[in-house]
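Chain and residue survey
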Amino acid sequence: MMVTTRETMALGPVCARTGDTLVEVARTLRDRRLGELPVCDEAETLVAVVTERDLVVGAMADGADPMTTRLRDLGLVAPVSVRADASAEEALGLMIEHATRRLPVDDGVLVGTVTQVALALALSEESIGNLIAEAGRSRDR
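Summarised in this report is the structure supplied together with it. On a predicted model such as this, the values are computed, not experimentally measured, just so you know. (Residues numbered from 1 in each chain as written. Predicted model: local features only at pLDDT ≥ 70, side-chain atom pairs only at ≥ 80, totals over all residues. Heavy atoms only, no water.)

Some thoughts on the nonpolar core
Core analysis: the largest hydrophobic core is formed by 17 residues, its most contacted members being V82, L92, L103, V114 and L119. Residue assignment for this core shows that the elements contributing at least two residues are α4 (88-98), β5 (102-106) and α6 (125-140). Among the elements that make up this core, the one with the highest residue count is α4 (six residues). L22, L37, A59 and L71 belong to the second-largest nonpolar core, a separate cluster that totals twelve residues. (Core = buried A, V, L, I, M, F, W, Y, C linked by side-chain atoms within 4.5 Å. Buried < 20%, exposed > 50% of the residue type's maximum accessible area, 1.4 Å probe, protein only. Helix = DSSP H or I, 4+ residues; strand = E, 2+ residues; numbered from the N terminus.)

Considerations on the sheet that holds strand β1 (residues 10-11)
Ordered by their spatial adjacency, three strands build an open sheet running β1-β6-β5, and the pairing between neighbours is antiparallel. Strand pairing shows two members of the sheet lacking a second neighbour, β1 and β5, which therefore form its edges. In the sheet, β1 pairs with strand β6 (residues 110-115) via two bridges, with the strands oriented antiparallel. Paired with A10 across the bridge in β6 is T113. Its contacts with the sheet put α4 on β5 and β6, and the angle it makes with β5 is roughly 130 degrees. (Pairing = 2+ DSSP bridges. Contact = heavy atoms within 4.5 Å. Axes fitted to C-alpha atoms, helices over the stretch in contact; angles between N-to-C directions.)

Geometric descriptors of this kind do not, in isolation, establish any biological role.
In structure tokens:
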């Protein structure tokens, strides 16, 4: 039986808003002990993911004022996400392909977040090995 992303995701994700200041986002990252946050609009639609690196290297190093600069000012790009009905193998494959340890779960609105650890616990060692081997082959091409 196929394990889906829905079965492995954490529900009720924390979401930054496009109107949040950099300092507000940094505090949420610190308080939640996260390295990245999904960014949603007012309708809970996923629009981006912001990382600690985006804040420090992409904004503050260029002189952005963390008290007044808003996420919408950073020019964040659309994130890689996965559907809740996607297989755990598909989600882990996306993580390997895009070199990330977390993926937002997007079903038209943000419904959760899935991590490599949660997927690894749900998948067989054989499935994980096959995905890693396939990722290695695709990088060699």
